[in-house]
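Structure at a glance
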2 protein chains.
Amino acid sequence: MIVELISVGTEILLGNIVNTNAAYLSEQCALLGLSLYYQSVVGDNEQRLAETLEMAMERSDVIILSGGLGPTQDDLTKEVAAKVCGKELVPDEHSKNRIEEYFKNIGARKITDNNWKQAMVPEGSIVVDNHNGTAPGIIMEVNGKSVILLPGPPNELRPMFERDIFPYLNKLQPETISSVMVKMCGVGESAVETEIQDLINGQSNPTIATYAKTGEVHLRVTAKAVDEKEAKKLLKPVVKELKNRFGTKIYTIDEKVSLEEAVIEMLKEKELTLTTAESITGGMLSARLTNVPGASEVFKQGFVTYCNRAKRKLLDVKKSTLKDYGAVSEKTAKEMAKNGAFATGSDVCISLTGIAGPATEEDKPVGLVYMACSYNNKIIVKELHLNGERAKIRENAVVKALTMLRECILNDVEE
Amino acid sequence: MIVELISVGTEILLGNIVNTNAAYLSEQCALLGLSLYYQSVVGDNEQRLAETLEMAMERSDVIILSGGLGPTQDDLTKEVAAKVCGKELVPDEHSKNRIEEYFKNIGARKITDNNWKQAMVPEGSIVVDNHNGTAPGIIMEVNGKSVILLPGPPNELRPMFERDIFPYLNKLQPETISSVMVKMCGVGESAVETEIQDLINGQSNPTIATYAKTGEVHLRVTAKAVDEKEAKKLLKPVVKELKNRFGTKIYTIDEKVSLEEAVIEMLKEKELTLTTAESITGGMLSARLTNVPGASEVFKQGFVTYCNRAKRKLLDVKKSTLKDYGAVSEKTAKEMAKNGAFATGSDVCISLTGIAGPATEEDKPVGLVYMACSYNNKIIVKELHLNGERAKIRENAVVKALTMLRECILNDVEE
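One structure accompanies this document, and this report is about it. (Residues numbered from 1 in each chain as written. Chains lettered and ligands numbered in written order. Predicted model: local features only at pLDDT ≥ 70, side-chain atom pairs only at ≥ 80, totals over all residues. Heavy atoms only, no water.)

The next subject is the environment of Glu162 of chain A. For Glu162 of chain A, the location among the structural elements is in helix 6 (residues 154-172). When near neighbours in sequence (up to four residues on either side) are disregarded, Glu162 of chain A contacts Tyr24, Pro167 and Lys256 of chain A. (Helix = DSSP H or I, 4+ residues; strand = E, 2+ residues; numbered from the N terminus. Contact = heavy atoms within 4.5 Å.)

The following block contains the structure:
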C-alpha cells in the first residue's frame, strides 16, 4: 500500500519551523510496512493545496495531511480536502460537545465563535477525538482510498496517531505489523551491520532496519502476520538472536526508554548513588541524567569544574598533577572521579575532561577526552579521540560517559 | 520569482533523519524575498525524481535540489537532473583536481574509483566548489530557469549556500536583499507584536517578520534596494526605531550571536566571574554557558545540588530553611546564590530551584521555579510559573535565568 504525506502550513515554507511531523509520520509508516514515496509541503493556499491533494490521490492509496485544522480563516485543510473528495461539511454534535468540554476544563470564560468551525466535519467521515486540543482528526474513505487529516501541533498529532491512526492503518492492510526496537550502545554502526549481515541478507519477515544515533545504534525488527500474536511470535526468535550476538551491548528493547533512563534504572536496582565531575561537558551529563523523572533517587549532586582552580578546590585534584600532566590527562580524570566520590560519599562518580575546541589547549588536539569512573572505590579510565565540531564532541563525550558507567555496573554484576 | 525545493533521499522518507535542510533553505529563500510555494521529498528513485523535477520546472523559476550527489550508485540526482534538462554529463578537470586535493588533505591513501563520478558535471553548467566535502554544487540555467543541485550533508550545504548560492540568487533578482536579525529576551511574543503593530501594518520595504523561540523573540528586518548599500540605508532607521522601542530587551543584532554568548560577552567586558547553583535544571544552565568557546574566561565552576543534602553540604543552605520553607522556595534560592558566590569567590552566582514534574513536590505545583542572582553581594530573586512538560519547563527556566543574569549586569551599568 502506497502512502503519501502532505504537510500544510505557510510557517513551514518560511522556514519558521522544522517539519518534525513529517519525520515522525514517515517513521511510523515505515514501521507499518507502508511504502512512502512522496512528502510534500504546501502553504495555506486553497488552489495549491487542492492540486497537491488531487495529484496525491492519483498516485497513492493513503494520503495523510497534517496542519491547517485550527479555528482561524487561514486554516482550510478540512474545507479543501472535503471539496476534493466531493463531501459536504456537516455539524458534528459529538465534536461540538468535546470542544465545549475542552474549554471548560482549561477554565476559559468564553468560547469565541470561530471555534465552532472545528465541529464541522465532512459527511460520512470517521471523526477521531483529539485528547490534547480542539480540532478533531478526520478520516475520509473515498473510492478505496483513505484521506486522513491530523492537527499540526506535534503534541496533538502524535498521541492521536498512536492511539487511533496507527491501528486504523494496521487494519487496512492484509497483515498486521508489529515491531521491537533494540537499542545498543558501546558498539559502532558498521560493526553492527557487519555482525548482522547474514540476518539482513536473508531477511523477508521479520526485517531489520538500522538507525544510527550519536554513540548509539538502534535496530528496528518488524514482523508481519495475520494478527498481533502471530507477529510477536515471529519477532521473538530474531530478538533472541540479536541478544545472543550483542549481549549486554543492548540496553533496552523498549522503544520509549533512553540510555540515561536505562542507566538510572540500573543504579536504582543496585541501590547505588551517583555524582558527576564535569569539565569539557560543563554540566551536559548531569543535565541529561536529570532529564529522567525520579533521577533524584540516585543522582544527588554534580560538580562543574571548568577551570583548574575549581578542579583543585572542589575536587582536590593535586596541583602537581595539573602542572605535570595538565588538566586534560588520565591522571586528572582519575583524581576528579576518585575525589568526587569521596567528597560526596557517593558510590559512583564519573568524570570528564577534554578539549572541545575550536582551539587546542596544552598542546593537545581537539577531541582528546579522558573519562574516569570511580565505582565502589575501583577506578577505570578511558582515553577518547572524538571527531567533529565543539557541540558534537561534547554530545558524543556524554554518551560515551553513560556507556562507560553502564559497563562499570555490568562488570560489577559479573564479578 | 517562484522557488521550489526538492529534497532527495530515501532516508528522509523512512523518517531516519529530520529534514533540517528544507527549513534552512526555506528561511534563506524567505530572507531573499523569494516566493516558496512547494517543498517536496522524493527517494533515490529515477522515475519519481524525474517526474517531480519536471513538474517543478513547469510551475517554478528556481528549483533547488539537495542530496543524492554522493559517490555511490544510489546517488542519482545529478544524472536525473541533467537528463531532465537535456544536458550531457562531461568530465570537469577542476573538480577532479579538487577531489584529489581533498583526499590528500584528509590523509587518504587511495581514492576509490566511484569518487570520480563526482567530477562529472552537466555540460555548460556552473560548478560550485565544495569546501567541506567532495561533491561540487551545480547550477544549470535552462530556458530562463535555474536548477540548483546541492550536497545533502548540512555541514556542506549551508556554507556552500551562504558563500555562493545566496549571492547568485540575490543577483537573479531585480533588487538586492539585505536583512538584520534583532534578537530580544525578557519580552513576550504578543507584547512585541502589539508594540510594533503600527510598523507591521505600514510596512512594505523594509518588512519585519517575527520568530518566537523559547523565552526569546527574534525580528527579521528585510529591505530591498538596487544594491547592498542602499538596502542597508533602508534598514538603518527601522533598526534604530526598534532599538528605541525595545531598548535593552535587544541583546544583539548579529544573526550568529546566541543569548548565552551575549551574556558571556557582557561578563567579559565587566571582568566578572560567574558560577551556577542548579537544582531543577540539573546542569543545563552551565552546559549552555559552556557551549560558548572561551566561556572559561568568566565561567569557572558550577554546582548541581539536586538533593537537599547537597544543597546543605555544598551550598550551605540552612537546615531550618529547607525544613520551614522547602527546597523550592525564595529563601532556598537566595541562600544557594549567596553561598555559591561566597564558596567560589565569584562576583556573580545564579541559582535555580523548582518543580519540573511530572509529579508535584512539597505540595507545590509543577512549573513553580525560584531563581536568584547574587551580583556583587546584592541578591535578587524571582518566582516563575512555567507551563508545559518537564523538558519544556527546564529549558524555559534556563532562558529565564540567562535573561535575569543579563538584567542584573545591565542594572549595574545604569546605577
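Residue and element names in this part refer to chain B. As for its placement among the helices and strands, Thr134 is situated in the loop between strand 6 (126-128) and strand 7 (137-142). Overall, the relative accessible area of 17% leaves Thr134 in the buried class. In terms of polar contacts, Thr134 uses its side chain to reach the side chain of Gln118, at 3.0 Å. For Thr134, the residues in contact, after removing those within four places along its chain, are Ile99, Tyr102, Phe103 and Gln118. (Buried < 20%, exposed > 50% of the residue type's maximum accessible area, 1.4 Å probe, protein only. Polar contact = N/O pair within 3.5 Å; in protein donor to acceptor, adjacent residues only side chain to side chain.)

Turning to the sheet that holds strand 17 (residues 378-385) of chain B, a few remarks are in order. The strand order across the open sheet formed by 10 strands is 17(A)-16(A)-15(A)-13(A)-14(A)-14(B)-13(B)-15(B)-16(B)-17(B), and the pairing between neighbours is mixed. What marks the edges here is a single partner per strand, and that holds for strand 17 (378-385) of chain A together with strand 17 of chain B. Across this sheet, the average inter-strand angle for adjacent strands is 10°, counted without regard to direction. Where strand 15 (residues 348-354) of chain A and strand 16 (residues 368-375) of chain A come together, seven bridges link them in antiparallel fashion. Note on strand 16 of chain A: the bridge partner recorded for Gly354 of chain A is Val369 of chain A. Taken strand by strand, helix 12 (residues 308-315) of chain B contacts strand 14 (299-305) of chain A together with strand 13 (274-278), strand 14 (299-305) and strand 15 (348-354) of chain B, and its axis lies near 145° from that of strand 14 of chain B. (Pairing = 2+ DSSP bridges. Axes fitted to C-alpha atoms, helices over the stretch in contact; angles between N-to-C directions.)

Glancing now at the relation of the copies chain B and chain A. When chain B is brought onto chain A, the operation consists of a screw motion whose angular component is 180° and whose axial shift is 0.1 Å, with 0.1 Å RMSD remaining. These values place the two chain copies in the arrangement generated by a two-fold rotation axis. A shared interface surface links the copies, since 100% of the contact residues of chain B are contact residues in chain A too. (Least-squares fit on C-alpha atoms with pLDDT ≥ 70 in both.)

Once that is clear, we can look at the interface of chain B and chain A. In this complex, chain B contributes 57 residues to the contact, which on the side of chain A involves 57 residues. Roughly 4,300 Å² is buried in total at the junction of chain B and chain A, and carbon and sulfur atoms are behind 55% of that figure. The largest share of the area that chain B buries against chain A comes from Leu13, Gln39 and Tyr306 of chain B, three residues that together contribute 13% of it. Here chain B is connected to chain A by 28 residue pairs in polar contact (both at pLDDT 80 or more). For the side of chain B that touches chain A, the residue count by class is 28 nonpolar, 21 polar and eight charged. (Buried area = accessible area lost by both parts, 1.4 Å probe. Nonpolar A, V, L, I, M, F, W, Y, C, P; charged D, E, K, R; others polar.)

Just geometry here; none of it tells us what the structure is for.
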